Amino acid sequence: MARRYDSRTTIFSPEGRLYQVEYAMEAISHAGAAVGVLSKEGVVLAAEKKIMSKLLETSKTTEKMYKLDNHVAAAVAGITADANILINNARLSAQRYTFTYDEPIPVEQLVQHLCDTKQGYTQYGGLRPFGVSFLFAGWDEHYGFQLYQSDPSGNYGGWKATAIGANNQAAQSILRQDYKEDITLDEALKLVIKVLSKTMDSTELTADKLELTSVTKTESGEVKYHVFTEKDMEPLLAFANAASQASTE
Amino acid sequence: MDCLFGFVGDGFVMMGADTSACQSIIRVKQGIDKILETGGKKLMGAVGDGGDRVQFTEFIEANMQLYSFRNGVPLSTNATAKFIRGELATALRKGPYNANLLVGGLDAGEVSLYYIDYLATLHKMNCAAHGYGALFMYTLFDSEWKPGMSLEEAKVLARKCIAEVKLRLVVAPPEFLVKIVDKDGCRVVSLEE
């Protein structure tokens, strides 16, 4: 029944649904999970890597995390090739803003710009929507640290903690239980690892399955995007694995 | 003939402009306000021939309002100045605007003043002026301006600048309007003693 209305993106079904957008979201629900948590000291993003191979040149490929500007980063869930187009779009948008206004683009404006692009693909052109959801983490002088989530429909929202990709409902319910208002950066780091360890298929978390990044401010007030190396992740993973061992005993 | 000047003081920016609208050697109208009080705490003064002064400033004002409505916050003074310069630069090699501006404002307690000319030059300055009158005003700024001036000291300097222009310039405008922007917003100031 639905078949009749889903081959063109730009029409509604009789029940008022946009099937192509929903199918895009379905594609994302099979993709590697990404989790984000907002704290007063910064924003943490963690993601599960799906492509794992000894042969992969890890220093040259990043599958999930991207720096959009000096003060904004994004985690991706969905079709990587689609994400690349949008990431490039976002980077252009950020630089154009700085060229025009001589200041960094406010985070929400960058999100809005990307979402306006995504919405366009649901309304005109006859092209399929982007099969990507994003988590944006950034800082600006208007609203401080912020975390946003966007989906293929072009909708976005500001969040204190959220997850996208595989098992995101399970992740969200753990976040709902464990997130507290005045969470510190350290607690946020532990929380995202805990959430991923519970929602990922594999039994034990190792550094090669994860990408972990944070957006914080240095003492001099500069915004810093930090990619955690395998070494940085060791203590956090050890803590998480010990905690999950303890809870299963 | 047009004259526009501005300088920063302690927590405020003072800006003054003549109030005459001229066509070649005829003064068509007096009492024109050439300093726009734009979004947030900002003054944008402009001088130029023909319709460019009004057309360009209204265009900038519309863009600033649009930004405020879209994004919930007004543009900072620095961003405004950069935007204005960008528009002038883009139009320069297509259909240039003949407009010279000064943009002054307050952002989180910090005062700033920007000089923008019709060739899309942009400089952040403590004191600046446009027009023939500027020739006299810059020498006065050099000897009389100091950082952190009070409002009274600023009025003294403004009075001196205007008096010098009236004394020495053959085509000196008869009347000036002076405004300031500080933490309480924009307003006209009287230079009466």
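Here, every reference points to the structure presented above.
Keep in mind the model is a prediction, meaning the values are calculated, not measured. (Residues numbered from 1 in each chain as written. Chains lettered and ligands numbered in written order. Predicted model: local features only at pLDDT ≥ 70, side-chain atom pairs only at ≥ 80, totals over all residues. Heavy atoms only, no water.)

**Student:** Looking at this model, I keep getting lost on the pairing of strand β8 (residues 110–116) of chain B. Mind explaining?
**Tutor:** Remember that side chains alternate between the two faces of the sheet whenever the strand is regular. All names here are of chain B. Counted residue by residue, β8 has five buried out of seven residues, so it is predominantly covered. Sheet topology places strand β7 (residues 100–107) next to β8; seven bridges connect them, and they run antiparallel. The partner of L102 across the bridge, within β8, is Y115. In textbook terms, the turn of a hairpin is the stretch between consecutive antiparallel strands, and for β7 and β8 this stretch comprises two residues, one of which, A108, has a positive phi near 50°. Pairing between β8 and strand β9 (residues 122–124): three bridges, direction antiparallel. Within β9, the position partnered with Y115 by the bridge is H123. Hairpin geometry of β8 and β9 is characterised by an intervening segment of five residues between the two adjacent antiparallel strands and by a positive phi of about 70° at A120. (Buried < 20%, exposed > 50% of the residue type's maximum accessible area, 1.4 Å probe, protein only. Helix = DSSP H or I, 4+ residues; strand = E, 2+ residues; numbered from the N terminus. Pairing = 2+ DSSP bridges.)

**Student:** Sorry if this is basic, but what is going on with the interface of chain B and chain A here?
**Tutor:** Reports often express the size of an interface as the amount of accessible area lost when the parts come together. Every contact between the two is made by nine residues of chain B and, on the other side, 11 residues of chain A. Both faces considered, chain B and chain A share a buried interface measuring about 900 Å² in area, 45% of it formed by carbon and sulfur atoms. Counting every contact that joins chain B to chain A gives seven residue pairs in polar contact (both at pLDDT 80 or more). Of all the secondary structure elements, the ones that give two or more residues to the side of chain B that touches chain A are α1 (52–71) and α2 (77–92) of chain B. With four residues, α2 of chain B is the largest single contributor of residues to the side of chain B that touches chain A. Class assignment of the residues belonging to the side of chain B that touches chain A gives a composition of five nonpolar, three polar and one charged. (Contact = heavy atoms within 4.5 Å. Buried area = accessible area lost by both parts, 1.4 Å probe. Polar contact = N/O pair within 3.5 Å; in protein donor to acceptor, adjacent residues only side chain to side chain. Nonpolar A, V, L, I, M, F, W, Y, C, P; charged D, E, K, R; others polar.)

**Student:** Just checking my understanding: could you explain a nonpolar patch on the surface for this structure?
**Tutor:** On the surface, a cluster of nonpolar side chains totalling about 530 Å² of accessible area is made up of M1, Y132, L135, V170 and V171 of chain B. Position of M1 of chain B among the secondary structure elements: in the segment before β1 (4–8). (Patch = residues over 30% accessible without salt bridge, like charges linked within 9 Å, V, L, I, M, F, W, Y side chains within 5 Å. Areas by Shrake-Rupley, 256 points an atom, 1.4 Å probe, with all protein chains shown as cover. Salt bridge = Lys/Arg side-chain N within 4 Å of Asp/Glu carboxyl O.)

**Student:** Quick question: what am I supposed to make of the pattern of salt bridges here?
**Tutor:** Residues and elements named next belong to chain B. Per the stated rule, a full pass over the model turns up 14 salt bridges over all chains. Salt-bridge contacts for E152 lead to K155; the nearest nitrogen and oxygen are separated by 3.7 Å. Separated by three residues within a single helix, E152 and K155 lie in helix α4 (residues 151–168), roughly one turn from each other. In this structure, a network of salt bridges that share partners links the residues D2, D18 and K34.

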